[in-house]
Amino acid sequence: MSRKSMVAPLLVAPLLLLFAIFFVVPFIEIMRISFSGQGGALAGATWLMSSSLFAVIFVNTLKLALTVTLICLGLGYPAACFIAGQPASQRGIYLALVLLPFWTSVLVRTYTWALVLGREGLLNASLIWLGLADEPQRFMFTPLAVHLGMVQILLPVAILTLVGVMTELDPGLTRAARVLGASPWRAFWHVYLPMTKPGIVAAAMLLFILSLGFYITPALLGGPRHRTIANLIDLQVHQMNDWTSASAMALVLLATTIVAVVLLRWLVPDRNLHGGAR
């Protein structure tokens, strides 16, 4: 065996070891707990199928993840187009501004929204000062608060993912379409947008997967009435001490993520990601 063929496995070995320790082993343990609970081999699955609470929270989590993903894409795409169109010397400044929220933890940013949306918060004070409300309105512990908090946290992820694809595009193709008589809208719709499909798909995958597993923001801004699957798993573990049901829900969450990724790749195949078959 040559020296080069021996170097590659050695370089990959630490990554494989970390993957096995922090993913494979916990995954096997979760499956073991889920299928070997006190109620029998299918105790976790039986609880899930008979629990109306889980069904409602599961549907609400999917709706939340989908709406947050669409909102982030809708807000992030124009911002990414603007940043990608700037000269390289200025693009770094805008990217630094996008990265600025990452300097603060998710917990602190979520508590900030609680200060803004509370009964004595900035939003209610502004509405009363402007005469748009006579008394404080209820913004906390509503779907609006959860969506605002999650979008603010995930929007930079969407922008950075899209910018990474847009900066690699050839701007001459769009200019060529304009020279050939296409309007700005037609040049964007038929030339620029198809070329950015890889970024849209990648951003959608990241946003949806991250939204499915959100815990802190729904717990602090949504309250007990707006739980997600992650909040329900925490409830089963720390308050109910029901590891079997919690493990079964974790497996459902993982399966939902896999199905979502496969479905998205099926709806948008590789040939469409590159503007057509090669």
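Just above sits the structure.
Residues numbered from 1 in each chain as written. Predicted model: local features only at pLDDT ≥ 70, side-chain atom pairs only at ≥ 80, totals over all residues. Heavy atoms only, no water.

Looking at the overall build of the protein
- Each helix and strand counted, the protein has 14 helices and 0 strands in total.
- When the helices and strands of the protein are listed from N to C terminus, the series reads α-α-α-α-α-α-α-α-α-α-α-α-α-α.
- Considering the protein as a whole, with its 278 residues, one finds that 34% of them fall into the buried category.
- Long-range contacts, defined here as pairs at least 24 residues apart, represent 73% of the contacts in the protein between residues at least 6 apart.
- A total accessible area of about 16900 Å² is found for the protein, and carbon and sulfur atoms account for 71% of it. (Helix = DSSP H or I, 4+ residues; strand = E, 2+ residues; numbered from the N terminus. Buried < 20%, exposed > 50% of the residue type's maximum accessible area, 1.4 Å probe, protein only. Contact = heavy atoms within 4.5 Å. Areas by Shrake-Rupley, 256 points an atom, 1.4 Å probe, with all protein chains shown as cover.)

Points about the nonpolar core
- With 34 residues, the main nonpolar core has Val 68, Cys 72, Met 166 and Leu 207 as its most contacted residues.
- Listing elements by their share of this core, those giving two or more residues are helix 3 (52-84), helix 7 (143-166), helix 9 (184-195) and helix 10 (197-212).
- Looking at this core, the element that brings in the most residues is helix 7, giving 12 residues.
- Ignoring any residue separated from it by four or fewer positions in sequence, one finds Leu 207 in contact with Thr 69, Cys 72, Leu 73, Leu 154, Val 157 and Ala 158. (Core = buried A, V, L, I, M, F, W, Y, C linked by side-chain atoms within 4.5 Å.)

Some remarks on the environment of Thr 110
- Relative to the assigned elements, Thr 110 resides in helix 5 (residues 106-117).
- According to the relative accessible area criterion, Thr 110 is buried, its value standing at 1%.
- Along the sequence, Thr 110 and Pro 218 sit 108 residues apart, while their C-alpha atoms lie 9.3 Å from each other.
- Those residues within four positions of Thr 110 in sequence are excluded, and the remaining contacts are Ile 153, Ile 216, Thr 217, Leu 220 and Leu 221.

Here we look at a nonpolar patch on the surface
- On the surface, Ile 93, Leu 97, Leu 99, Leu 100, Phe 102 and Trp 103 cluster together into a nonpolar patch covering about 660 Å² of accessible area.
- Inspection of the secondary structure puts Phe 102 in the loop between helix 4 (88-99) and helix 5.
- On the basis of relative accessibility, which here comes to 39%, the residue Phe 102 falls in the partly exposed class. (Patch = residues over 30% accessible without salt bridge, like charges linked within 9 Å, V, L, I, M, F, W, Y side chains within 5 Å. Salt bridge = Lys/Arg side-chain N within 4 Å of Asp/Glu carboxyl O.)

Considerations on the packing of aromatic side chains
- Inspection of the entire model under this criterion finds 8 aromatic pairs.
- Note on Phe 82 and Tyr 94: the rings are 5.2 Å apart at their centroids and 80° apart in plane angle, and the pair reads as edge-to-face. Within this pair, whereas Phe 82 is found in helix 3, its partner Tyr 94 is found in helix 4, the two being separated by 12 residues in sequence.
- Taken together, a centroid distance of 6.1 Å and an interplanar angle of 25° make the contact between Phe 188 and Tyr 192 stacked. (Phe/Tyr/Trp six-rings, centres within 6.5 Å; stacked < 30°, edge-to-face > 60°.)

With respect to the side chain of Arg 109
- For Arg 109, the location among the structural elements is in helix 5.
- This buried residue, Arg 109, is left without a salt bridge; Asp 234 holds the nearest opposite charge, at 20 Å.
- A polar contact of 3.3 Å, which involves the side chain of Arg 109, links it to the backbone oxygen of Thr 104.
- Aside from chain neighbours lying at most four places away, what touches Arg 109 is Pro 101, Phe 102, Thr 104, Gln 152 and Ile 153. (Lys, Arg positive; Asp, Glu negative; His and termini not counted. Polar contact = N/O pair within 3.5 Å; in protein donor to acceptor, adjacent residues only side chain to side chain.)

Thoughts on the packing of helix 3 against helix 13 (residues 243-267)
- Their axes nearest at 13 Å, the elements helix 3 and helix 13 cross at an angle of 30°. Taken as axis vectors, helix 3 and helix 13 run roughly parallel relative to one another. By crossing handedness, the relation of helix 3 to helix 13 is classed as right-handed. Listed contacts from helix 13 to Phe 54, Phe 58 and Leu 62 of helix 3 are Met 249, Val 252 and Thr 256.
- Partitioned by chemical class, the residues of the contact of helix 3 with helix 13 number 5 nonpolar, 1 polar and no charged. (Axes fitted to C-alpha atoms, helices over the stretch in contact; angles between N-to-C directions. Parallel < 35°, antiparallel > 145°, perpendicular 65-115°, else oblique. Left-handed = near helix turned anticlockwise from the far one by under 90°. Nonpolar A, V, L, I, M, F, W, Y, C, P; charged D, E, K, R; others polar.)

Side note on unusual backbone geometry
- Phi is positive for Phe 141, close to 60°, though the residue is something other than glycine.
- Here Phe 141 lies in the loop between helix 6 (122-129) and helix 7.

Comments concerning the environment of Thr 228
- Its place among the elements puts Thr 228 in the loop between helix 11 (216-222) and helix 12 (229-238).
- We classify Thr 228 as buried; its relative accessible area is 2%.
- Contact partners of Thr 228, with chain neighbours within four places excluded, come to Ile 57, Thr 61, Leu 64, Phe 214 and Pro 218.

What about the environment of Leu 73?
- In this fold, Leu 73 is placed in helix 3.
- Through-space distance from the C-alpha of Leu 73 to that of Ala 204 is 7.4 Å; in sequence the pair is 131 residues apart.
- Setting aside chain neighbours within four positions, we find Leu 73 in contact with Pro 78, Ile 200, Ala 203, Ala 204 and Leu 207.

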